[in-house]
Amino acid sequence: MGDSEAVVTDSSASMDYTSAVYNSTGSGACPPEATGDPNASIAPVDGTYAASGGYLNSAGQEGQISITNESKPTGGSTDGNAINAGNTAVDATKTAGYSILLNGNIVNEARNTTTVENGNVLDNVGRASNAPEFVGSVLAMSGEEDRLWSIVRANSLDFNAWTALIEETEKVAEDNILKIRKVYDAFLAEFPLCYGYWKKYADHEARIGSMDKVVEVYERAVQGVTYSVDIWVLYCSFAIETYGDPETIRRLFERGLAYVGTDYLSFPLWDKYIEYEYMHQEWSCLAVIYTRILENPNHQLDRYFNSFKELAGSRPLSELTTAEEAAAYVSGIASEADGEVLEGEVRPDAAEQTPKPVSAGSTEAVELEKYVAIREELYKKAKEFDSKILGFETAIRRPYFHVRPLNVSELENWHNYLDFIEREGDVNKVVKLYERCLIACANYPEYWIRYVLCMEASGRMDLADNALARATRVFVKRQPEIHLFDARFKEQHGDIPGARAAYQLVHSEISPGFLEAIIKHANMESRLGKLDDAFSLYEQAIAIEKGKEHSQTLPMLYAQYSRFSFLVSGNAEKAREILTRALDHVQLSKPFLEALIHFETILPPLRQIDYLESLVDKFLAPSLDGSTADKEDLSSIFLEAHF
C-alpha cells in the first residue's frame, strides 16, 4: 500500500518518531454483561475464527493472513516467534512475488498455506470454507448443552443462547479442553468482534492447554480484533509475563501500535508500553514513545505532555536521545566549532579576541530547551486537531461491538464524523476512522457500503474489495442488502460470475423469494443481453411462489414481471398476458391493483381501462376483504391516474 501502509518489523521501529499509519482504533470492548462473565471488566469486540490448529502469523483485520508451518513454534515451549511472526518484511514488493501487502497485512502467496480473513478460513483462491459445523461430537454432552447446541444450530445469531452455551460448557467441561475449544471456535466464528471471549479462551488454554496454544489464541484474536486497543493490551500483558526478551515484547507492542497507536482511546496500550520501559529504565525509548504519542490527538494528551516534561526535567539529555539523535547533536556541535575557527582565521583582530568559555551545562540546557520545544509544537498541533474532533468523540457512547442496536443519534454521529474526516482529505485518517466505526457499527450494512464506495472513489480498490469481503463473509453475511450491493459492485467492475454468485446466494440461502433480488438480478441479465435468462428468473420465482400458501410476494412478482417484459421487449400483449395469468393465482389487493394501475399508465393506447376498472370495483366491493383505508386510497389512485 505504498506510503499509506506500515508494518513494524524490528525493534528499531520503536525509535522512529513517525507514527505508523493505518493504525485505526476501536478499542472495541463490550461491557461485562455482554461477555457472559459477571466479573469481567472487558468484553466483546472484533475477533476471528481460524481453523483448529491453524496458526496466525500476523495481525491485521483487513486482508488475508498467511499461515505457514515455519511460523508455528514446536515442542512444549514458546520462544516468542509467534509474537514476531508477520513482521519480517516491510516492503512486500521486495519479496519477488512471494508476498503482497494488503491493508497492513503480509499475505504469502506460496503454496500450501492457509489464509484466514476475519472469521472465515479461506483457501489460496479466496473461497470461504465451511464455518465450524455444529455436528455431533464424541464428547459427551449434558442435556442442557445438547439443548443449547440445538438452538444455535437453528439460529447461529442467537447471542444469548451462545453465552448460555459457553457458560454451561465451562461448567461441565472441567479440564476437557476439546469441549472448550469447540464452543469457543464456533462462537467466535459467528461473533468475531467479541474480544472478551478471546481473552477467556486464552485463559482456558493457559489453565488446561499449552503455552503454544495460548499464543495461538492471541494471534487469532489480534487478527480479528486488530483495531481493538484492549486486545493488544491483553496480549502485551501476557507477553510481558511470559517472555524474557525485551526485543520480543517491544516488537509485539509495535505490532499493536501500528494499528491502534492513533486511536483516540489508545492510552491503555501506550500506558502499558511506558510502564514496561520505565521498569527497564530505557529512558531514550520512553522519550521516543512520548514523542510519538504527542503527534496525534489522544484522550490523555495533556497528561502525556506533562509526563514528558517531567521526564525531560529529571534525566540528562544524553539519556533521552537515541543514538541517531546523539550523533546528530555531536555533529552539530562540531560544525559550530569549525565555524568559529574558520571565522577566526579571516578576522583581522583575531589575535586580540579570546573565545568565550562555553559551559557544558548551559549548552545542554539550551539543547534540552530545543528538544522540549520541538515536542511542544507537536503537542500544540495535536491539540488543535483535537478541538475539531472532540465533539464527535464525546458523542461516541459505545465504541465497542455489541449485538444490541445503537441509538439513532450515535449512528448519525458516526456519519457526521466520517463526513468531517473525509473532507480533511487524508486517506490514512479516513481508513482508520472507518475501521474504528466498523467495530461499533459492524452490524449495519450502510457503513460497510459507505466504506467500500469511499475506498473505490479514493482509488483504493484493494481496500474496497477487502471491506466488501469482510462484510459479505462475516459481519453482515445474512443481510440481503449487502449481497445485492456486492452483486452490483462486482458487475460494475466486470466480475459477472461473481455478481451472479452473489445474487444466487440471496436466492438460495439468504432470502429466497426476495423480490428486490429477483428484480435486480433480472435487470442485470437484461443489461448483459441475456433476456431469456432474465425471463427465466421471473418464471422460476413465480413457480416457487405459486407453491406457497398465501404468498405475499406472488402478486408483486407478477406485476414486476409484466412491467419488465414490456419495458425490455415493448410487447404490450405479452405484458397483459402475464397479468391475466396472475389473476388466476392471486387475490386482489391494494399493492397489486396499484401496480396494475401504474403499469397501465405507461402502456400505449388502446388501454384496457374498462377491464381495470372492473377489477378495482371488485376490490372495492363490501364483500371483499380489505381495510376501508386501503379501498379509499386505491379509489383515489385510480381516479387520479393519467390514462
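Residues numbered from 1 in each chain as written. Predicted model: local features only at pLDDT ≥ 70, side-chain atom pairs only at ≥ 80, totals over all residues. Heavy atoms only, no water.

As recorded in an unreviewed UniProt entry, the chain goes by the name Suppressor of forked domain-containing protein, listed as coming from Gossypium raimondii. Of the chain, the UniProt comment under Subcellular location (unreviewed entry) reads exactly: "Nucleus". Annotation of the chain in UniProt includes, under Sequence similarities (unreviewed entry), the sentence "Belongs to the PRP39 family." (UniProt positions renumbered as here; feature names shortened; annotations may be inferred.)

### A short note on the overall build of the chain
Within the chain one finds 27 helices and 5 strands. The burial tally for the chain puts 51% of its 643 residues in the buried class. Considering only contacts within the chain whose residues lie at least 6 apart along the sequence, 66% involve residues at least 24 apart. Put simply, the chain shows about 29200 Å² of open surface, and 51% of that area lies on carbon and sulfur atoms. (Helix = DSSP H or I, 4+ residues; strand = E, 2+ residues; numbered from the N terminus. Buried < 20%, exposed > 50% of the residue type's maximum accessible area, 1.4 Å probe, protein only. Contact = heavy atoms within 4.5 Å. Areas by Shrake-Rupley, 256 points an atom, 1.4 Å probe, with all protein chains shown as cover.)

### Describing the environment of S569
Tracing the backbone through its elements, the reader meets S569 in helix α23 (residues 554-569). The class for S569 is partly exposed, based on a relative accessible area of 41%.

### Details of helix α22 (residues 531-546)
If you check α22, its first and last C-alpha atoms are 23 Å apart, about what 16 residues at 1.5 Å a residue would give, namely 22 Å. The complete set of buried residues in α22 reads A534, F535, L537, Y538, A541, I542 and E545. Down the axis, α22 shows its buried residues gathered within 150° of arc, on one side only. Every exposed residue of α22 that faces more than 90 degrees away from the buried side is listed here: D532 and I544. Structurally, α22 contributes buried residues whose contacts are with α20 (496-510), α21 (515-527), α23 and α24 (572-582). (Expected span 1.5 Å × (residues − 1). Arc of directions from axis to C-beta.)

### Overview of the side chain of H483
Residue placement: H483 occurs in helix α19 (residues 480-492). Only 2.6 Å separates the side chain of H483 from the backbone oxygen of K477, close enough to count as a polar contact. Other than its neighbours up to four places away in sequence, H483 contacts T472, V476, K477, R478, A502, L505, V506 and I510. (Polar contact = N/O pair within 3.5 Å; in protein donor to acceptor, adjacent residues only side chain to side chain.)

### Some thoughts on the pattern of salt bridges
Here the structure, examined in full by the defined rule, presents 35 salt bridges. Across the pair R450 and D419 runs a salt bridge whose closest N-O atoms are separated by 2.4 Å. Here R450, found in helix α17 (residues 445-457), pairs with D419, found in helix α15 (residues 408-424); they are 31 residues apart in sequence, far enough to count as distant. Where E491 meets R527, a salt bridge forms, and the shortest distance between an N and an O atom there is 2.8 Å. Of the two residues, E491 sits in helix α19 while R527 sits in helix α21, which places them 36 residues apart along the sequence. By sharing partners, the salt bridges in this structure join E247, R250, E277 and E282 into a single network. (Salt bridge = Lys/Arg side-chain N within 4 Å of Asp/Glu carboxyl O.)

### Notes on helix α11 (residues 301-314)
What sets the pattern is the α-helix's 3.6 residues per turn: residues three or four places apart point alike. Compared with the 20 Å implied by 1.5 Å per residue over 14 residues, the 20 Å span of α11 between its first and last C-alpha is a close match. Those residues of α11 that sit buried are L301, Y304, F305, S307, F308, L311 and A312. Taken around the axis of α11, the buried residues stretch over an arc of 165°, which confines them to a single face. Turned more than 90 degrees away from the buried face of α11, the exposed residues are E310 and G313.

### Points about the nonpolar core
Counting 115 residues, the largest nonpolar core has F187, I231, W232, L269, W414, C441 and Y447 as the members making the most contacts within it. Those residues within four positions of C441 in sequence are excluded, and the remaining contacts are L406, L411, W414, Y447 and W448. Grouped together as the second largest cluster of nonpolar side chains are 37 residues, L537, A559, L579 and A582 included. (Core = buried A, V, L, I, M, F, W, Y, C linked by side-chain atoms within 4.5 Å.)

### A few points about the packing of α19 against α20
Two elements in contact, α19 and α20, have axes whose closest approach is 7 Å; the angle formed by their N-to-C orientations is 160°. As the angle between them shows, α19 and α20 are arranged roughly antiparallel. Between α19 and α20 the crossing geometry is left-handed. Within the contact between the two elements, α19 uses P480, H483, L484, D486, A487, R488, K490 and E491 and α20 uses I496, G498, A499, A502, Y503, L505, V506 and I510. Grouping the amino acids of the contact of α19 with α20 by side-chain chemistry returns 10 nonpolar, 2 polar and 4 charged. (Axes fitted to C-alpha atoms, helices over the stretch in contact; angles between N-to-C directions. Parallel < 35°, antiparallel > 145°, perpendicular 65-115°, else oblique. Left-handed = near helix turned anticlockwise from the far one by under 90°. Nonpolar A, V, L, I, M, F, W, Y, C, P; charged D, E, K, R; others polar.)

### Some thoughts on unusual backbone geometry
Although it is not a glycine, Q281 adopts a positive phi angle of roughly 55°. In this fold, Q281 is placed in the loop between α9 (267-279) and α10 (283-293). Judged by relative accessible area, which is 53%, Q281 ranks as exposed. For H550, which is not a glycine, the phi torsion comes out positive at approximately 55°. Mapped onto the elements of the fold, H550 is located in the loop between α22 and α23.

### Remarks on the packing of aromatic side chains
How two aromatic rings sit relative to each other is set out by the distance from centre to centre and by the angle between their planes. For the structure on display, the rule yields 34 aromatic pairs. Consider the rings of Y227 and Y259, whose centres lie 5.7 Å apart with planes at 85°: the pair is edge-to-face. Here Y227, found in the loop between α6 (211-224) and α7 (229-242), pairs with Y259, found in helix α8 (residues 246-260); they are 32 residues apart in sequence, far enough to count as distant. Summarising the burial analysis for this pair, Y227 and Y259 share the class buried. Summarising the aromatic geometry, the rings of Y434 and Y451 are spaced 4.8 Å apart at their centres and angled 10° between planes, so their arrangement reads as stacked. (Phe/Tyr/Trp six-rings, centres within 6.5 Å; stacked < 30°, edge-to-face > 60°.)

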